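Structural description and commentary
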Amino acid sequence: MNQDFAILELKYGNIYGGFPNFFAVAEISLLVFERRTNKIFLESWINTADVDYVSVYSRTDDLGHTISREREVINMRTGRPRPYQEDFQHDERGLQWVFKNLRPVHQNVKRFLWNAMRKYRVETIVVFDGRRDIFLCEKAGVYFDHVHIFDLQKALNKETDYLFSLNKLSRVIDFRLDGSYLRSNNLEYWLHPIAAKQIVPGSASWDAARLLMVHNEYEMHHQDFIMKAALLLNKIQKRKEAEGGAPAKEVKPAAEEKKKQSKPGKI
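The sections below set out a description of the structure shown in this document.

Cut-offs and rules
Residues numbered from 1 in each chain as written. Predicted model: local features only at pLDDT ≥ 70, side-chain atom pairs only at ≥ 80, totals over all residues. Heavy atoms only, no water. Salt bridge = Lys/Arg side-chain N within 4 Å of Asp/Glu carboxyl O. Helix = DSSP H or I, 4+ residues; strand = E, 2+ residues; numbered from the N terminus. Buried < 20%, exposed > 50% of the residue type's maximum accessible area, 1.4 Å probe, protein only. Pairing = 2+ DSSP bridges. Axes fitted to C-alpha atoms, helices over the stretch in contact; angles between N-to-C directions. Expected span 1.5 Å × (residues − 1). Arc of directions from axis to C-beta. Contact = heavy atoms within 4.5 Å.

Summed over the entire model, instances satisfying the criterion amount to 13 salt bridges. In this structure, the salt-bridge partner of Asp62 is Arg239, at a minimum N-O distance of 2.8 Å. Here Asp62 is found in the loop between β4 (52-60) and β5 (66-75), whereas its partner Arg239 is found in helix α8 (residues 222-242), with 177 residues between them in sequence. What makes Arg239 partly exposed here is its relative accessible area of 30%. Residue Asp129 is joined to Arg131 by a salt bridge in which the shortest nitrogen-to-oxygen separation is 3.6 Å. When its relative accessible area of 35% is taken as the criterion, Asp129 is described as partly exposed.

So, in structure tokens, the structure goes:
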């Protein structure tokens, strides 16, 4: 319980006009939380290759419920978005040019993560649905043989029998970034202003900050967290019913029936 840990978040996507099963890393954020002092350290890496990739994101309502899945094309070097055209395809020459620009990425990812993990002596990493994140890091030559990986989405799914999104959980805990402070229902952490400037909505650092607060609310205020999660799901169900969807039913996480025995997942 007294162990420091790191949050790992990646932004990645398919190459625009390339193969559907080839993913390129656009951003990495490693956020380190020091339990004893509540200090937060943030290390970020951005891919500056002149390559366009497809970013897929969820458009949500005020409850964090997904309304639609959207795609846009983003240039890694400039960060500028443009509309996605489903029928666009690179020719062979264009793909060769893209892969040439991406050639240094694996070495850069490996160097960044190894240096950051060594700097903070990372032994535990928290992810959220992090299978592909870990796979892409390993593909770049970063191995986690001596690191404990805790997937919060997987733990929550096991406990509640519901697959939460990070968007919903951010609503559950009332996540806010107020200047140099990260805030939620029960927690508040100060950030160095330089770190706070890196936490921009839609970035890997933004997701890392949200995951930190969700994880700590889940671990430190577990019963309150589970209760508020159930309330949010019931609101979503009732809204569906009001809009003519399936009849609303009370949503009770599996842990609710055994509140007294329920304990947060430990990392």
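Attention now goes to the sheet that holds strand β11 (residues 188-190). Reading across the sheet, the 3 strands line up as β9-β10-β11 and stay open at both edges, with antiparallel pairing between neighbours. Across the chains shown, the open sheet's two edge strands, defined by having one partner strand only, are β9 (176-178) and β11. The sheet shows a mean angle of 20° between the axes of neighbouring strands, direction not considered. Strand direction decides the pairing type here: strand β10 (residues 181-183) and β11, joined by 3 bridges, are antiparallel. By the bridge assignment, Arg183 is partnered in β11 with Glu188.

Its 15 residues give helix α2 (residues 105-119) an end-to-end C-alpha distance of 21 Å, which sits within 8% of 21 Å, the value for a rise of 1.5 Å per residue. What α2 keeps buried is the set Val105, Val109, Phe112, Leu113, Ala116 and Met117. One side of α2 holds all its buried residues, which, seen down the axis, span an arc of 115°. Exposed residues pointing more than 90 degrees away from the buried face of α2 are listed as Arg118 and Lys119. Residues of α2 that are buried in the fold lie against β1 (5-15), β2 (23-34), β3 (39-46), α1 (92-102), β7 (124-127) and α3 (131-139). Count one or two residues on from α2 and you reach Arg121, which has phi positive near 50°.

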